[in-house]
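A look at the structure
Listed below, chain by chain, are the residues.
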Amino acid sequence: MEDPGMCIGSLGGDVLNKLSKMLDNSVCGWRQLASAVSENLKFRFSESELTSCSLQVLSASGSPGRALLAQLADCSCSLSFLICCLMKMGHQEAVQYLTSTVIQITEQPQSQQVTVGSRLVLTCRASGPLGLNYQWFRGKEEILDKTGSTPDLILCPVTRDHRGHYICRVSHGVKCIFSQWAHIRIVHSAGCSSSLFPGSVSGLLITHQPQSVAVSEGDTVLLECRAEANPPAQYEWHHDTVPMKQHKTSSLKIPCVTTAHRGRYRCRVFNLYHEEWTDTALVTIGPSSITYTSWVEVDRGSDSQEVHRSTFDPETPEVVHSPLSTRNFIATDKVALLIGNMNYLYHLQLCAPIADVHVLTNQLRQMDFKVVSLLDLNWQEMHSAVTEFLQLLDQGVYGLLYFAGHGYENYGNSFMVPIDAPASYTSEHCLCVQNILTRMQEKKTGLNVFLLDMCRKRNPNDDIIVHPGLMKVTANIVFGYATCVDAEAYEVQNKDVSNGIFISFLKRHVCEDEKVTVMLDRVAEVLPKSLYLQFDCGVKVQLGFAAEFSNIMVIYTRILERPREIVSCSAQLTDFPEGVDIDLKKSNQKILLEAGSLLLIEEEVPPPEVSSLYTRLRGLQRLRRELIFTICLHYTYSGVDEEVQERRQVTVGKPLVSKLNLYEPRSPRASSGSLSLVPKKCTNFPQTDKESSTRFSPPSSRSASIPEETDSPEVFDFPQPLVASVV
């Protein structure tokens, strides 16, 4: 849970149930609360809405109080406002219950500037049940020293390693709350001097300018800037006027450049008192100077048993290189499709795919793959996504397909299970990996990689033998399995977002240097550009966008400017079109975690000290029309109690993967010597008793170590190793 400013919809079900029982009375109950909250126009409900609440008494389990609380939650009523109204109406029992049960931050840690060698104290205080536990974090790392579990975090003496963002987690049992972020900056004392600015004299002088360079694709670019300054200088590099937030040193090093890196570079040099800009350095990218790779084409005779393996096999670090005098190979592009299925309708739900897809996406992009990462796809969406993936392949392209979810293997063929597969699924309801490989080979791809994080047990419900067509046996096919034949793949399920066993092992090796040759422009997912909206009251709002996955987007709003007479304002998103997958209770949150986003990279959103509201949109592959929503600006003038609203409708088109219309059926192109991608979907698949019994009650995740298909008590001690085989 959050601070008292959080929406009451974030309260636990037990708290809301008990609170609603306290309000289900005629003397000091829900009607009096409705009257108290109506002082704010935002929470003034119509008579029909109040009648709807009162009609809840006709239901055996109905509660007028719970219905009113639900309406307040839909209107983003804060916990502090609710407590204030309960105090006004004299409901001491409810006030005491909320203040003693709900954890509230009473003192937030504050951002500070400190000098090296000094003593730093960060304080977080909270009220709530007895026995509150405190945990301090620096970024994502828990601080384990003796003060890291107390309300006061003491860092002494301060070093440069202590700079960064700090946050405190206060918990009691399963309930928890996070403080605001505190940004610690390290500054130098006045006694710190340079050769040009001795003693306490401040100044800044750039002594070395970055130089223009012309390089080839695949080369490394190094730009350097040096300055004499007192206090010491800080650096911030810019590419075509866009800040490069991850580059904060005097040297800018870009390995394996592509044409996306061409352009003008400048460095902003600054300290507490001065700021200077370097000259512009022009980076020109020409043709590649590398002409070979680590992959070797092997001339196989009928008796040849020679096999070459890639560095994807962790047990085989040696890679055979072709000499320059022999045939050369060029990777014309690198494309990856990553699918993670978790929320199955009729099967055990999984936890690890969201983290696994996220980690592998970041690592593949480091190797300049063009990555499309998708979560929770049904049969039609998986079929369409694979068809779009195949259309990106061509001669010499490296293609990689990763799947995490339920699966099985029959007669040597591997099948990926979509989230809408029935209880007794067969190959008609799944996608055959070998069919996809056959289609990839028709494109004459340079490398075909399949990473299958799924079970390989036989499916007793499927007696169909799928013939994927003519498959060529070449040295450029790599299969990476999470387990061996006829065995389950495992994930360790817990409350935290963590990787499965397969990815936990794979991520240690996947970024090893493969000496891949030419890397073309990295295609970023097409996000809407940031919008800047000027409202009539004089408030200026930024509307920003960030991609968590190819089908999950976070929209954030922040106030850039406001007149002095406006004492408070916030920009909230509302009126999303029907069909958009959004949890309204988690929309317009101050913290990404509370908005449901666990994995978004910090560089893609404003820093924690910048006040923003976050809303997370899921399942963009199902968006059939342009995304249109409303920004509702809530603001209050000085000396005026009533809140004022301004609304502005915004259209951002079809973002990310939604423009591919994956919900539409694809007709695979005709090809000789092979069948279609997958058999036609069976619309009249018979339901078994098991399927009927689970249709309306999808299983929930269990906090235990479980296989994707069956339980096993041995997973902690004997995790299945990565098995890489070459066809």
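The structure displayed is predicted, hence computed values, not measured ones. (Residues numbered from 1 in each chain as written. Predicted model: local features only at pLDDT ≥ 70, side-chain atom pairs only at ≥ 80, totals over all residues. Heavy atoms only, no water.)

1. Remarks on the overall build of the protein chain
The condition that has to hold: Helix and strand labels come from DSSP, where a helix needs a run of H or I of at least four residues and a strand needs a run of E of at least two; each type is numbered from the N terminus. Partly exposed residues are those whose accessible area sits between 20% and 50% of the maximum for their type, while under 20% is buried and over 50% is exposed, using a 1.4 Å probe and protein chains only. When checking whether two residues touch, look at their non-hydrogen atoms; a contact exists if any pair is within 4.5 Å. Using the Shrake-Rupley algorithm and a 1.4 Å probe, accessible areas are obtained, with residue cover drawn only from the displayed protein chains.
Along the backbone of the protein chain there are 11 helices and 38 strands. Taking all 727 residues of the protein chain together, the buried fraction comes to 51%. In the protein chain, the proportion of contacts linking residues at least 24 apart, taken out of those at least 6 apart, comes to 73%. A total accessible area of about 34,600 Å² is found for the protein chain, and carbon and sulfur atoms account for 51% of it.

2. Observations regarding the pairing of strand E22 (residues 370–375)
As a general feature of sheets, a regular strand has side chains that alternate between the two faces. So the rule is basically this: When DSSP finds at least two bridges between two strands, those strands are taken to pair. The handedness rule is simple: strands pointing away from the viewer, and a clockwise path from the first strand over the helix to the second, make the crossover right-handed.
The element E22 is largely enclosed, with a buried count of five among its six residues. Pairing between strand E21 (residues 333–340) and E22: six bridges, direction parallel. Bridged to Ile339 within E22 is Leu374. Handedness of the crossover joining E21 and E22 through helix H7 (residues 353–366) is recorded here as right-handed.

3. Some remarks on the pattern of salt bridges
Between side chains of opposite charge, pairing is possible as soon as their charged atoms come close. Note the cut-off: Just to be clear on terms, a salt bridge is a Lys or Arg side-chain nitrogen sitting within 4 Å of an Asp or Glu carboxyl oxygen.
Under the criterion given, the structure shown has 11 salt bridges. Notably, a salt bridge pairs Asp152 with Arg125, separated by 3.2 Å at the nearest N-O pair. Note that Asp152 is positioned in strand E7 (residues 152–155) and Arg125 in strand E4 (residues 125–127), a separation of 27 residues in sequence. Overlapping salt bridges, with partners in common, bring together Glu236, Lys248, Arg268 and Glu275 in one network.

4. Observations concerning the packing of helix H1 (residues 13–23) against helix H6 (residues 92–101)
Applicable threshold: Under this scheme, a helix contributes an axis fitted over its contacting stretch, all axes are lines through C-alpha atoms, and angles between N-to-C directions fall in the 0 to 180 degree range. Here roughly perpendicular refers to angles of 65 to 115 degrees, roughly parallel to angles under 35, roughly antiparallel to angles over 145, and oblique to all remaining angles. Here is the rule for handedness: rotate from the far helix to the near one, and if that takes an anticlockwise turn smaller than a right angle the crossing is left-handed, while a clockwise turn gives right-handed.
Their axes nearest at 10 Å, the elements H1 and H6 cross at an angle of 165°. In terms of orientation, H1 lies roughly antiparallel with respect to H6. Here H1 and H6 pass one another in a crossing that is right-handed. Two secondary-structure elements touch here, H1 through Asp14, Val15, Lys18, Leu19 and Met22 and H6 through Glu93, Ala94, Tyr97, Leu98 and Thr101.

5. Regarding the packing of aromatic side chains
Which entries qualify depends on this criterion: Centres within 6.5 Å are what make two rings of Phe, Tyr or Trp a pair, Trp counting through its six-membered ring; a difference in plane orientation under 30 degrees is then read as stacked, over 60 as edge-to-face, and the rest as tilted.
In total, this model carries six aromatic pairs according to the counting rule given. Consider the rings of Phe43 and Phe81, whose centres lie 5.2 Å apart with planes at 35°: the pair is tilted. Taken together, the residues span a long stretch of sequence, with Phe43 in the loop between helix H2 (30–37) and helix H3 (47–54) and Phe81 in helix H5 (residues 79–88) at a distance of 38 residues. Judged by its relative accessible area of 4%, Phe43 falls in the buried class. Seen from their ring centres, Tyr556 and Tyr614 are 6.3 Å apart, and the 55° between their planes marks the pair as tilted. Residue Tyr556 is located in strand E32 (residues 552–561), and its partner Tyr614 is located in strand E34 (residues 613–617); the two are separated by 58 residues in the primary sequence. Accessibility assignment for this pair places Tyr556 and Tyr614 in one class, buried.

6. Structural notes on the environment of Lys444
Secondary-structure assignment places Lys444 in the loop between helix H9 (433–442) and strand E27 (447–453). With a relative accessible area of 57%, Lys444 lands in the exposed category. Not counting residues within four places of it along the chain, the set of residues in contact with Lys444 comprises Asp394, Gln395 and Gly396.

7. With respect to the nonpolar core
Rule in force here: Each nonpolar core is a collection of buried residues, namely Ala, Val, Leu, Ile, Met, Phe, Trp, Tyr and Cys, held together in the definition by side-chain atoms within 4.5 Å.
Formed by 40 residues in total, the largest nonpolar core has its most connected members in Leu337, Phe403, Met416, Ile436, Phe450 and Phe479. Residue contributions to this core peak at six residues, all from helix H8 (residues 379–391). Listed in part, the 35 residues of the second largest apolar core include Val15, Leu69, Tyr97 and Val102.

8. Some thoughts on the sheet that holds strand E30 (residues 531–534)
Spatially, the four strands line up as an open sheet ordered E30-E31-E32-E34, and their pairing is antiparallel. The sheet is open, and its two edges are formed by E30 and E34, each paired on a single side. Pairs of neighbouring strands in the sheet enclose a mean axial angle of 25°, with direction left out of account.

9. A short note on H1
Inclusion rule: Picture the helix axis, draw a direction to every C-beta atom, and the arc is the one those directions span.
Listed in full, the buried residues belonging to H1 are Val15, Leu16, Leu19, Ser20, Met22 and Leu23. Summarising the axial view, the buried residues of H1 lie within an arc of 155°, below the 170-degree limit, and thus occupy one face. Seen from the open side of H1, the exposed residues pointing more than 90 degrees away from its buried face are Asp14 and Lys21.

10. Re the packing of H1 against helix H4 (residues 64–74)
Contact pair H1 / H4: the axes reach a minimum separation of 7 Å and the direction vectors enclose 120°. On the basis of the axis angle, H1 is oblique to H4. Classified by chirality, the crossing of H4 by H1 is right-handed. Contacts between H1 and H4 pair Gly13, Leu16, Asn17, Leu19, Ser20 and Leu23 from the former with Gly65, Arg66 and Leu69 from the latter.

11. Examining the side chain of Ser63
Following the sequence through the fold, Ser63 ends up in the loop between H3 and H4. Note on Ser63: relative accessible area 13%, which makes it buried. Apart from the residues lying within four places of it in its own chain, the contact partners of Ser63 are Ser20, Asp24 and Gln56.

12. Overview of the environment of Glu49
Here Glu49 shows up in helix H3. With relative accessibility at 32%, the residue Glu49 sits in the partly exposed group.

13. Section: the environment of Glu646
Worth spelling out the cut-off: N or O atoms closer than or at 3.5 Å make up a polar contact, with two conditions inside protein: a donor-capable atom paired with an acceptor-capable one, and, for residues adjacent in sequence, both atoms drawn from side chains.
By the element assignment, Glu646 lies in strand E36 (residues 644–651). Spatially, the C-alpha atom of Glu646 lies 7.5 Å from that of Phe535, the residues being 111 residues apart in sequence. A distance of 3.0 Å separates the side chain of Glu646 from the side chain of Tyr635, its partner in a polar contact.

14. Thoughts on the pairing of strand E8 (residues 164–172)
Of all nine residues in E8, seven are buried, a share of seventy percent or more. Looking at chain direction, strand E5 (residues 133–138) and E8 are connected through six bridges and run antiparallel. Bridging across to E8, Tyr134 finds its partner in Val170. Sheet topology note: the E8/strand E9 (residues 175–178) ladder contains four bridges and is antiparallel.

15. Overview of the state of the cysteines
Let me state the cut-off plainly: The disulfide criterion is simple: two cysteine sulfur atoms within 2.5 Å.
The final tally for this structure, using the stated rule, is zero disulfides. Just so you know, Cys537 is unpaired, no disulfide at all, and the nearest cysteine sulfur is the one on Cys569, 7.2 Å from it.

16. Overview of the sheet that holds strand E33 (residues 566–574)
With respect to topology, three strands assemble into an open sheet ordered E33-E35-E36, the strand pairing being antiparallel. With one partner strand each, in any of the chains shown, E33 and E36 form the two edges of the open sheet. If you compare each strand with its neighbour and ignore which way they point, the axes differ by 20° on average.

17. Observations regarding the confidence of the model for the protein chain
Applicable threshold: The pLDDT value expresses, per residue, how confident the predictor is, ranging between 0 and 100.
Looking at the protein chain, pLDDT values average 75 and 74% of them are 70 or higher. Counted against residues more than four places away or in other chains, residues 287–330, with its pLDDT under 50, gives 88 contacts. This model gives residues 669–727 a pLDDT under 50, and the stretch forms 140 contacts once residues within four places in sequence are excluded.

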